Structure formats: structure tokens, C-alpha cells
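Coordinates in review
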Amino acid sequence: MKNIRNFCIIAHIDHGKSTLADRLLDFTGSVTEREKQEQLLDNMDLERERGITIKSHAIQMDYVHEGEEYVLNLIDTPGHVDFSYEVSRSIAACEGALLVVDAAQSIQAQTISNLYLALENDLEIIPVLNKVDLPSANPEEVTDDIVDLLGCDPSEVIPASAKTGIGIQEILDAIINRIPAPTGKVDAPLRALIFDSVYNPFRGVETFFRVINGTIKKGQRIKFVNTDKQYDADEVGTLKLKQQPKKEIKTGDVGYLITGIKDAREVKVGDTITDAENPTTEAVAGFEDVKPMVFAGIYPVDTEDYEDLRASMEKLQLNDASLTFVPESSAALGFGFRCGFLGMLHLEIIQERLEREFDMTVITTVPNVSYHAFTNKHPDDVILVNNPSDLPDPSTLNRVEEPFIKATIITKANYVGPVMSLCIEKRGEIVNQTYLTTERVELTFDMPLAEIVFDFYDRLKTVSRGYASFDYSPIGMRASHLVKVDVLLNANKVDALSALLHKDNAYDIGKKMCEKLKELIPRQQFDIPIQAAIGAKIISRETVKALRKDVTAKCYGGDISRKRKLLEKQKKGKKRMRQVGNVEIPQEAFMAVLKLN
Ligand code: GDP
Ligand code: MG
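Since the model is a prediction, treat every value here as computed from it, not as a measurement.

In spatial order, the strands read β2-β3-β1-β4-β5-β6; together these six strands make up an open sheet with mixed pairing. In this open sheet, the two edge strands, each paired with only one partner strand, are β2 (58–65) and β6 (158–159). Bridge analysis of strand β1 (residues 4–11) against strand β4 (residues 96–102) gives five bridges, and the strand direction is parallel. The residue of β4 that forms the bridge with Ala11 is Val100. The strands that helix α1 (residues 17–27) touches are β1, β2, β3 (68–75) and β4; relative to β1, the one it contacts most, it runs at about 150 degrees.

Below, the structure is given as C-alpha cells:
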């Protein structure tokens, strides 16, 4: 146990976490030349393309330091707020963290939020000043920022370049010298923390764990404490670049477990593994059942594909336990599913996977958060509103509550004004303002989740010219005055376009929605009136003017292949359209409310 070090790397996005991980693997000889690939840890295609680590993984390195053999377990953490619970569980499995800060960008919102998570778990923090090779690096200033943030000595900050290899030796020495070895009771009943799981279509769910007390052995009868289910440990092992089966994994170490579980939902991150016959009396603290934060309808473009879509969603759920779905129907779109996601990135990932892995073409409706409604008749019974159409009749409504978050924004002093205006426009209330340095300010707001899941990031980027970083955490439900805004196309209400909005913004957003829909809905042979309404009251109106000419008219007399090409192009464009009444609605229109200026 004394020669094990468990650590993670925490950083703001793009500060070099993945590059540093690769460099450490290199340096410790954990990868052969042949296995070398950019960003080894990001092994899902989607992750590599997006350049972000979606799921966390762990990897073990062997390293000899002053003649002693050490085992270093690097536990990777996802780099996006959608997955912050997983980050917290990975951090809980470690004794130390490398806090990577870009020497040109300095401390950003995620640096701080991840640091807080690490400090809550009493991790030893090793500050790494990365990218010192960059001409734009400000090593002295950024070191000062880090020293201010951590209250450490400047000599503790390790200057490094994950790109050129500067400082890698020093980082490894610090991991061994500064991070404490795990402690735990070798003779106590098995107690292991599940910090991640991955679905493998051939082997079932692979569970990644950190042993806190005792030993987990191949063939052992084990129990998951929170789900109260028992399994046989068919295989346990360590996580080298490939999995290496072992007879047992001991106190303090990190490994994987295979039990033949075929459904990702049975393995809950944060759960405790124990011995079935001789269970631990104490589950690992911090377990939460993660709940979806954002909901949207997913419908097949072709109504005939409904059953295929259901089968695809079921398969997706087997390997992504945080996805939820229930059947729903829409007058406009027919049969589909109301799906729950951890956040907007998660929604995009699911949508992409449906298309890539399952070859489904789907329409996604405007996402919304989950509201709580209470009626006058039963003012204590929560009605979950995951779809605008679930909102009870306004005349019977007692109150509505919506989820709030604490938002942390770090920006430059000269952008404080515009950032504040934006947050206030988004119904934010300022809670705190701290100057980290004379140049850099940390702003904290309480804000409705609904306002930030959508276009907030883009707006923030614009008003701060890119000099703002952002992170958030949920703080519970608060009362809110919401109204349902409906959209009528050609006098028909299109339920899939309805949105729940705060009453103060409803008129303005309703108007902008009509304007946006006018841009997005293709012209046809007749005028298409677009109206926004609250109840029976029309609050805005636009018209898509009728088309004058046949689009192919200009090809008459021209060569036939050109005409065919044009028609084919039209057909392709049609792929993601839905005919509602006699109006064609493209996919973008269902998201229009998110793209208002
Ligand atoms: P992550 O989002 O924290 O995992 O960051 P990545 O490791 O993906 O790095 C983001 C970008 O910074 C990539 O283009 C890297 O090549 C680059 N990068 C990482 N470390 C260094 C470094 O030490 N020096 C320079 N110049 N670029 C680096
Ligand atoms: Mg990365």
C-alpha cells in the first residue's frame, strides 16, 4: 500500500489535461511506440473528435523512483459540467490532484470549481503551470495567481510543458513525494467505491473501483450496497493500457470488475462494493442517484421508424445509464419519446449516437428543464413537468417551481459590466463579486437553470469576447412565474413548438420566436401565418409569404441532369422535415427558441 499513489488531473478545458496524461504514460513507459496515439485516454471516436473526455477512465503506471517500485493510478475525470457528479466520484477515489493551469490563460472557472471538489475531499494539490513553452505564456503572473488561490509557496508550483516534456520528471517526483499513500484497513470487510463504469457490448458492464478497505477477489460473491444486488466477481484486474486480469485487488488500489451485468443502470457511480457474506456496515459517503436536468422530445422523422427508435433508445440506455426516456405523443409529431439528459452536451451526444451508431434520423424538440407544479386542489403534491404540455391548466395552478443553479463566472475586469447585464437579463441575482487579481474577477450568481442550458455559453462568449469562463452547480427548486407560450402555424397549434417561459420574457421571446420561424420555415404555394399565443391571446404574428415560382422553373429547357440534381438536393433537405398539417417544418425550427438573438 505504501507504494501506491492515486491521483487525478483537474484543469479548465483545453489547459492540457489529456496531453499531460499522455506525456506521463510516455515517460513511465506505459505505452509502447506502436500503441502511441494522440490523446490515448479519449478512446471513444466522439470524444476524440470533440477533443474532450466524455467518460472518465483510469490507467495504471509502474514507475521506479530511487530504486523503489511504485504503482501510480491516474484517474481521468470528464471535463464538462454535465458530468460533474462523475468528476466528484473520481476525485473521491484519489489522494492527490495535479491542478493544471495554462500559463497563458491562468485560472478559469473550472479550475476553481474542480479545485473546490478536490479540497472537499482533502486531496493533496500539486499545482502545475502548463504550456510554459508558449510565447504568450506569463509564467510569473500566473504563478502568482496560483499562489494566491492555493495559499501555497511559489516553489511548489511546477513549470511544465505537456507538449515538449518540460517538468514531467518533477511532476512524477512530486506525485511520489507529496501525495500520501492510501490508508485503509486490509483486514476489514471489503469496501470499494465505484467511480465509473463503461458498457462493453461483449463483456457487459465494466465497473471501475477503488478499494478502500479489504480485498476484492476473483470469484468472490459481492454486493452493491445502494442497489442491494449481488453478483459474482467473474473477473477483476488492473487497468493498464489494456485490462490485466488479477487474482485480487488489494486495499488502496484501483481496478476493474466484470460480473456479466448487461444493463448500465445496475451499476451506479458512487455506489459501494462489499462482500455479500461479510458486508461493510458503512457505505462510502456521497452517493447520489443522478437525475436528468434537461428534457426534450425525440421523434423519428419517418413515423414508421418508431419501433426502431424505441429499440435504439433501449440499447443506448444499456450503456448510458443517465439517459432516461418515456413514450410520449404529440399531435404534430406523432409517437416519440420524452428523454432526460444530464445537460445540453449530453443531449447532443445522444442525438449524434442515434444517428451514427443506430442510423436513425430524428427530430429533437426544444429542450426544457424539469419544473414542479402544484395545483390549488392538492397544493402539497408535486406534479413533474418535463414537457410544456404537462403544465396544469393555469386556472387550477397554485404555483410552479423551477431548478436554480449557482453560476461561477471568471472574467476580466473590463467585461464585468456586460457579463452582469447578461446574467441579470437571464434572471440572475448576483451573490458575490471577488477580485482574484486586479485584472480578474470572479462573479457568482443564483440563476434559473432554464436560462443557462440554452444559449448562455454563446452569449457569454460574445459579451466577454471570449474572456470569460463559466461553471455551475444545482442549488434546488425556487418558485417562479411561468407561462406556456404556444405557436400556431396556419392557425393550427403545433404542440411540439410550445415553450414554458417566465412571464416577464414571454412577450419578447414569443415575438422573436415568430421572427425566427419566419426565417426557418420554407415558403410554399400559400401564405403561412405564424402566431405566438398565451392561452387564447395572440401575442405576436408573422407571415411566411407564398412562393411565386416553381423552384425548378429556371431549369426548364436546361439540361435534365441539373434539374435532377436540384430535386435531389431538395429531397435531401427534406430529410429532417416534418409535415404538420400542410406546413413543412425543418428540424431547426423545433430548436428556434434556443437560437434567438
Ligand atoms: P484538455 O482539454 O485539458 O484535455 O486539454 P488538451 O490536452 O486537449 O490540450 C488542449 C490544447 O492545448 C491541445 O491543442 C494541446 O496540443 C495543447 N497543449 C497542451 N499542453 C500544451 C503545452 O504544454 N504547450 C503547448 N504549446 N500546447 C499544449
Ligand atoms: Mg482532454
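Moving on from the coordinates now.
Once that is clear, we can look at the UniProt feature "binding site: GTP" (unreviewed entry) in the protein. Feature annotation in UniProt assigns "binding site: GTP" (unreviewed entry) to the following positions: Asp14, His15, Gly16, Lys17, Ser18, Thr19, Asn130, Lys131, Val132 and Asp133. Accessibility expressed as a relative area gives 16% for Ser18, which makes it buried. Counting through the fold element by element, Asp133 comes out in the loop between β5 (124–130) and α5 (139–150). Given the relative accessible area of 32%, Asp133 is considered partly exposed.

Attention now moves to unusual backbone geometry. The backbone phi angle of Asp228 is positive, close to 55 degrees, even though this residue is not glycine. Looking at the secondary structure, you find Asp228 in the loop between β10 (221–224) and β11 (229–232). Positive phi outside glycine occurs at Asn490, with the angle close to 55 degrees. Mapped onto the elements, Asn490 comes out in the loop between β28 (482–489) and β29 (492–493).

Our next topic: the domain arrangement of the protein. You can read the domains of the protein as domain 1 (4–178), domain 2 (191–275), domain 3 (294–365), domain 4 (371–480) and domain 5 (484–594). On the domain 5 side, the residues contacting the 17 residues of domain 3 number 12 residues. If you look at where domain 3 meets domain 5, you find zero salt bridges. Put simply, the parts of the chain that give the side of domain 3 that touches domain 5 at least two residues each are β17 (294–300), α8 (344–358) and β20 (362–364). Residues of the side of domain 3 that touches domain 5, tallied by class, amount to nine nonpolar, seven polar and one charged.

Let us look at the packing of helix α9 (residues 416–425) against helix α11 (residues 456–463). Between α9 and α11, whose axes approach to 9 Å, the crossing angle comes to 155 degrees. Between α9 and α11, the interaxial angle falls into the category roughly antiparallel. Like other packed secondary-structure pairs, α9 and α11 cross with a definite hand, here right-handed. In contact with Pro418, Val419, Leu422, Cys423 and Glu425 of α9, α11 contributes Phe456, Arg459, Leu460 and Val463. Across the contact of α9 with α11, the residue classes tally to seven nonpolar, no polar and two charged.

Following the criterion strictly, the structure yields zero disulfides and no others. The closest cysteine sulfur to the non-disulfide-bonded Cys94 is located on Cys8, 4.0 Å from its own sulfur. On the basis of relative accessibility, which here comes to 6%, the residue Cys94 falls in the buried class.

Another aspect to go through is the site of ligand 1. Of all residues adjacent to ligand 1, which total 16 residues, the nearest are Asp14, Lys17, Ser18, Thr19 and Asp133. Within the side chain of Asn130, one N or O atom sits 3.1 Å away from an oxygen atom of ligand 1. Contact with the protein chains covers 79% of the free accessible surface of ligand 1, which is 580 Å². Of all the elements, α1 adds the most residues to the shell around ligand 1, at three residues. A per-class count over the shell around ligand 1 returns three nonpolar, eight polar and five charged.

One pass over the full model with this rule turns up nine aromatic pairs. Their ring planes at 55 degrees and their centres at 5.9 Å tell us that Tyr306 and Phe335 sit as a pair that is tilted. Here Tyr306, found in helix α7 (residues 306–319), pairs with Phe335, found in strand β19 (residues 334–341); they are 29 residues apart in sequence, far enough to count as distant. In this structure Tyr306 comes out as buried when scored by relative accessible area, which is 12%. Ring geometry for Tyr306 versus Phe337: centroids 5.1 Å apart, planes at 10 degrees, classification stacked. Residue Tyr306 is found in helix α7, and its partner Phe337 is found in strand β19; the two are separated by 31 residues along the sequence. Among the residues examined, Phe337 registers a relative accessible area of 0% and is labelled buried. Put simply, the rings of Tyr306, Phe325, Phe335 and Phe337 pair up and form one aromatic cluster. One Lys or Arg, Arg399, reaches over the ring of Phe374 and ends 3.8 Å from the middle of that ring. The positively charged end of Lys412 is found above the aromatic ring belonging to Tyr467, 3.8 Å away from the centroid.

For the rest of this paragraph, the subject is the pairing of strand β13 (residues 243–246). Two faces belong to every sheet, and in a regular strand the side chains alternate between them. Of the strand pairs in this sheet, strand β12 (residues 235–239) and β13 are connected by four bridges, and their pairing is antiparallel. Its bridge partner lying in β13, Gly237 is registered against Pro245. Hairpin connection between β12 and β13: a loop of three residues separates the two successive antiparallel strands.

Within the fold, Asp62 resides in strand β2. For the pair Asp62 and Gln244, spaced 182 residues apart in the sequence, the C-alpha separation amounts to 13 Å. Among residues more than four places away in sequence, those in contact with Asp62 are Thr28, Ser30, Tyr70, Val71 and Lys240. Here Lys240 takes part through its side chain, which lies 3.2 Å from a polar atom of the side chain of Asp62.

Across soluble globular proteins, you tend to see nonpolar side chains buried next to one another. Membership of the largest hydrophobic core comes to 86 residues, with the highest contact counts inside it found for Leu354, Ile409, Phe456 and Leu489. Apart from the residues lying within four places of it in its own chain, the contact partners of Ile409 are Val419, Cys423, Val441, Glu442, Leu443, Phe445, Phe456, Leu460, Ala468, Ser469 and Phe470. Cys8, Ile10, Ile107 and Leu129 belong to the second-largest nonpolar core, a separate cluster that totals 36 residues.

If you walk across this open sheet you meet the eight strands as β11-β10-β16-β7-β8-β15-β12-β13, and the pairing is antiparallel. In this open sheet, the two strands that pair with only one neighbour each are β11 and β13. Direction aside, neighbouring strands of the sheet carry axes that sit 40 degrees apart on average. Note: β12 against strand β15 (residues 254–258), three bridges, orientation antiparallel. The residue bridging Gly237 from the neighbouring strand is Tyr256, located in β15.

Rules of the game
Residues numbered from 1 in each chain as written. Chains lettered and ligands numbered in written order. Predicted model: local features only at pLDDT ≥ 70, side-chain atom pairs only at ≥ 80, totals over all residues. Heavy atoms only, no water. Pairing = 2+ DSSP bridges. Helix = DSSP H or I, 4+ residues; strand = E, 2+ residues; numbered from the N terminus. Contact = heavy atoms within 4.5 Å. Axes fitted to C-alpha atoms, helices over the stretch in contact; angles between N-to-C directions. UniProt positions renumbered as here; feature names shortened; annotations may be inferred. Buried < 20%, exposed > 50% of the residue type's maximum accessible area, 1.4 Å probe, protein only. Domains from an automatic or database assignment. Salt bridge = Lys/Arg side-chain N within 4 Å of Asp/Glu carboxyl O. Nonpolar A, V, L, I, M, F, W, Y, C, P; charged D, E, K, R; others polar. Parallel < 35°, antiparallel > 145°, perpendicular 65-115°, else oblique. Left-handed = near helix turned anticlockwise from the far one by under 90°. Disulfide = S-S within 2.5 Å. Near = heavy atom within 4 Å. Polar contact = N/O pair within 3.5 Å; in protein donor to acceptor, adjacent residues only side chain to side chain. Areas by Shrake-Rupley, 256 points an atom, 1.4 Å probe, with all protein chains shown as cover. Phe/Tyr/Trp six-rings, centres within 6.5 Å; stacked < 30°, edge-to-face > 60°. Lys NZ or Arg CZ within 6 Å of the ring centre and 35° of its normal. Core = buried A, V, L, I, M, F, W, Y, C linked by side-chain atoms within 4.5 Å.

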